[in-house]
Amino acid sequence: MGDSGRSPRRPPLRRFAPLFVAVQVLSLAFLPATLFSSPAAAARVLYAAAGAPCAPGSGVKLRGRDLTQGSTLPAVLRCADLTGAKLDGVDLTARDLTGAVLRKASLKEADLGQAHLDYADLRGADLSDADLGQLRARKADLRGAILTDADAVQAEFPHADLTGAVLTRAVLTQADLTDATLVGADLRDATLGQIKARKADLTRAKLGEAKLGQAHLEHAVLRNADLSEAEFTQAELDGADFRGADVGKASFIQASDVNLTGARGTPVNLPDDAVAPGRTDGADGEGDAQVGVDDVVRDDTGDDLTVRAGGTRGPSPALILVVVSGLGLVLTLIMWGAAHRRKQRFAAEMAVARHAAEEDVTRFGEEIDALDFEMKINQISGPSQEWRAALDAYEAAKQALGVARTPYELRAAAVMVARGRDALRQVRSRLPHTGGGH
């Protein structure tokens, strides 16, 4: 009991904890030098630990090469170094470019349909008019990339960084932008129908006149974004942050969970349960001058007339209510008639567009059947990759038809049919001549 005034003795494990931490740090620092033959090997391990497939650019070296003049690309492009390479119009369909470095590469009109670009570095790359249908670019770095007029139907960009990217007029129908970063990105006049953009960061993004029908933007950040004249028809907006955003003339027809608190401008077609920018409830608190009992008189017909401040008599509140109600009913009928006519016109236009799209998809299916029959009769087989691409495009076109609700969204079906026909042309071009080709 004589030691009761002393501090309790620390357990041995706690005494050596700082030394243990120091040893761990030193072991991590010297691990590359002791276990790996080169810094590059150590880098590959570190990138693998972070989830990336390899160290960027550790594959085949094609930096600055012009690969548009019939050059044969290597079979393996995974983690390749294609910095500044020229790949305009090159067919990279379904190629594995995972972890590749394509910084400032030129990929104008290139075909990257179904290509794998997970973890790829595409900073400053030019993908104008490129075919990016069903592209996979998870955690890719596309900061400052140019995707003007690109076709990215059903492309996947989850957790990708598109800060400052230019996607003007790009078609991103059914694209996956979940948790993607698009700070300051230019998406003006882009088609973004049915995109998956939950938790996406679109701070200061330019989305003027963008089509976002049936888009999933739950908990997306749209602070200070330009959303003027954008279309959010049937969009899911639960938890979306519109603070500081310009929503002037933006349309929210049948959108869900619209909360425009802190937004600027005057939107249109807001649902009844929407929270509009700057909306205030309640009266202004300013009442008319009180009228005493002695101020109420009756005219010859017995109707009450209130005496105004100047001593003149005015119509009674009951009469005013009747007149205002009548005017409101007339205006309501006029607006209902106009809305009904617009709805009828839209339904007629949609029916025509859908019929044309369905006929086009049906013809495409018949073309596939005809070529399949021809190959079976002649006991030949086409290139499996292109044949599979045609079949996938047909299925994707049928799916797009099934979910399309506006003419804009029908464009996805047309895009898939065009891609499928291109694949069929490649199949035919590689078949031996049989005398019965199309």
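Definitions and limits used
Residues numbered from 1 in each chain as written. Predicted model: local features only at pLDDT ≥ 70, side-chain atom pairs only at ≥ 80, totals over all residues. Heavy atoms only, no water. Salt bridge = Lys/Arg side-chain N within 4 Å of Asp/Glu carboxyl O. Helix = DSSP H or I, 4+ residues; strand = E, 2+ residues; numbered from the N terminus. Buried < 20%, exposed > 50% of the residue type's maximum accessible area, 1.4 Å probe, protein only. UniProt positions renumbered as here; feature names shortened; annotations may be inferred. Contact = heavy atoms within 4.5 Å.

*Asks:* Can you walk me through the pattern of salt bridges in this structure?
*Replies:* Any two side chains of opposite charge can pair, given that their charged atoms come close. Counted under the stated rule, the structure contains 23 salt bridges. When the shortest N-O distance is used, the salt bridge between D149 and R169 registers 2.8 Å. Taken together, the positions of D149 in the loop between α3 (39–49) and β1 (296–298) and R169 in the loop between α3 and β1 put the pair 20 residues apart, joining distant regions of the chain. D241 serves as the salt-bridge partner of R243, at 2.8 Å between the closest nitrogen and oxygen. Relative accessible area serves as the criterion here: at 43%, R243 is assigned to the partly exposed category.

*Asks:* How do you make sense of the UniProt feature "transmembrane region" (unreviewed entry) in the protein chain when you look at a structure like this?
*Replies:* Taking the numbering used here, the UniProt-annotated feature "transmembrane region" (unreviewed entry) corresponds to residues 318–339. Here residues 318–339 runs as 100% helix and 0% strand, with 31 Å between its end C-alpha atoms.

*Asks:* Can you help me understand the environment of C79 in this one?
*Replies:* Mapped onto the secondary structure, C79 falls in the loop between α3 and β1. For C79, a relative accessible area of 4% corresponds to the buried category. Taking the C-alpha atoms as reference points, C79 and K61, separated by 18 residues in sequence, lie 9.5 Å from one another. Not counting residues within four places of it along the chain, the set of residues in contact with C79 comprises P53, C54, A55, G57, S58, G59, T98, G99 and A100.

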